[in-house]
Amino acid sequence: MPRDHRPAKSIRVLLAEDQGMMRGALALLLGMEPDIDVVAQVSAGDTIVDAALTHRPDVALLDIELPGLSGLDAAAALREEVPDCRVLILTTFGRPGYLRRAMEAGAAGFLVKDGPVEELAVAVRRVLTGETVIDPALAAAALSAGPNPLTARERDVLSASAEGATVADIAGKLHLSESTVRNYLSSAIGKTGTRNRTEALREARQQGWL
């Protein structure tokens, strides 16, 4: 429908997706809905808040794995900076840990990308009315998986251990002693049931705990 035939109060949507083809397709399909107007598109997480402050969307559709800042961290930032904007997480990775973290960050919904765009449009409308919209299969998986066993500091240390970082590297980055870093890594390895920090990092990512 042409833009000038839209309702006077279209739902203003911000779309954050790093893959250009996917972002363009979503924007095009959502833009065909008579009551939805995609007012901003961004490809990096650290530009989301600025775009929201500029364009004042009603709903922000955020991918999780974005350069600069994850969609989950951006959701938490939006809650502080643009509290009137409802957040709907849209991701390829339906991991139980991601759902829990999204809800903790203040997201109003969590959907996987393989659903039809009609369902996404319905979800946008529903979260704007105050509802929480969650993919049913993912909700069931999250309940059975239980809470994230890692503390915030264990997550920080484990994340910092990526790409072959040494204990000294991690300690310097996080302003911790090397013995403290070793203790956190040991605890994270134990909680993930793995043999070393590389396996612990992989398992935590698979579960959506990082």
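Participant: I'd like a description of the overall build of the protein, backed by residues and values.
Facilitator: Helix and strand content of the protein: 10 helices and 6 strands. Along the longest, intermediate and shortest principal axes, the C-alpha atoms of the protein span 65 × 35 × 30 Å. For the protein, with 210 residues in total, the buried portion stands at 46%. Expressed as a percentage of contacts within the protein between residues at least 6 apart in sequence, the contacts between residues at least 24 apart total 66%.

Participant: Before we move on, could you go through the layout of surface pockets and cite the residues and values that matter?
Facilitator: As a volume, the largest pocket reaches approximately 580 Å³. When contributions to the lining of the largest pocket are tallied by element, the ones reaching two or more residues are helix H3 (71–81), helix H4 (96–104), helix H7 (152–160) and helix H10 (197–207). Element by element, the count of residues in the lining of the largest pocket is highest for H3, at 4 residues. Its residues placed into classes, the lining of the largest pocket shows 10 nonpolar, 2 polar and 9 charged. Reported here for the second largest pocket is a volume of approximately 310 Å³. Element by element, the count of residues in the lining of the second largest pocket is highest for helix H5 (residues 117–128), at 6 residues. When its residues are assigned to classes, the lining of the second largest pocket shows 15 nonpolar, 1 polar and 5 charged.

Participant: Before we move on, can you summarise the pairing of strand E3 (residues 59–62) with the specific residues and values?
Facilitator: Of the two faces of E3, the one carrying Val59 and Leu61 and the one carrying Ala60 and Leu62 are both buried. As paired strands, strand E1 (residues 11–16) and E3 are joined by 4 bridges and run parallel to one another. Within the sheet, the bridge partner assigned to Leu15 lies in E3 and is Leu61. Read from E3 through H3 to strand E4 (residues 86–91), the crossover connection turns out right-handed.

Participant: Please provide a residue-by-residue account of the nonpolar core, values included.
Facilitator: Side chains of nonpolar character tend, in soluble globular proteins, to be buried together. Of all hydrophobic cores here, the largest spans 28 residues; its most connected members are Leu14, Ile48, Leu62, Leu78, Ile89 and Phe110. Secondary-structure elements contributing two or more residues to this core are E1, strand E2 (36–42), helix H2 (48–55), E3, H3, E4 and H4. Dropping the residues within four chain positions of it, Ile89 is found in contact with Leu62, Ile64, Gly71, Leu72, Ala102, Ala107, Gly109, Phe110 and Leu111. By size, the runner-up hydrophobic cluster in this structure holds 21 residues, among which are Val13, Leu26, Ala27 and Val127.

Participant: Explain the packing of helix H1 (residues 20–31) against H5 residue by residue, including any values.
Facilitator: Interhelical geometry of H1 versus H5 gives an angle of 70° and a closest axis separation of 10 Å. Between H1 and H5, the angle falls in the class roughly perpendicular. The way H1 lies across H5 gives a crossing that is right-handed. The segment H1 lies against H5, with Leu26, Leu29 and Leu30 engaging Val117, Leu120 and Ala121. Per-class residue counts for the contact of H1 with H5 are 6 nonpolar, no polar and no charged.

Quick notes on the rules
- Residues numbered from 1 in each chain as written.
- Predicted model: local features only at pLDDT ≥ 70, side-chain atom pairs only at ≥ 80, totals over all residues.
- Heavy atoms only, no water.
- Helix = DSSP H or I, 4+ residues; strand = E, 2+ residues; numbered from the N terminus.
- Buried < 20%, exposed > 50% of the residue type's maximum accessible area, 1.4 Å probe, protein only.
- Contact = heavy atoms within 4.5 Å.
- 1 Å grid on protein atoms, 1.4 Å probe; cavity = no way out; pocket = protein on both sides within 12 Å on 5 of 7 lines; lining within 4 Å.
- Points joined across faces, edges and corners; volume = space filled by probe spheres on them.
- Nonpolar A, V, L, I, M, F, W, Y, C, P; charged D, E, K, R; others polar.
- Pairing = 2+ DSSP bridges.
- Right-handed = clockwise from strand over helix to strand, strands pointing away.
- Core = buried A, V, L, I, M, F, W, Y, C linked by side-chain atoms within 4.5 Å.
- Axes fitted to C-alpha atoms, helices over the stretch in contact; angles between N-to-C directions.
- Parallel < 35°, antiparallel > 145°, perpendicular 65-115°, else oblique.
- Left-handed = near helix turned anticlockwise from the far one by under 90°.

Worth remembering: the numbers are spatial, not functional.
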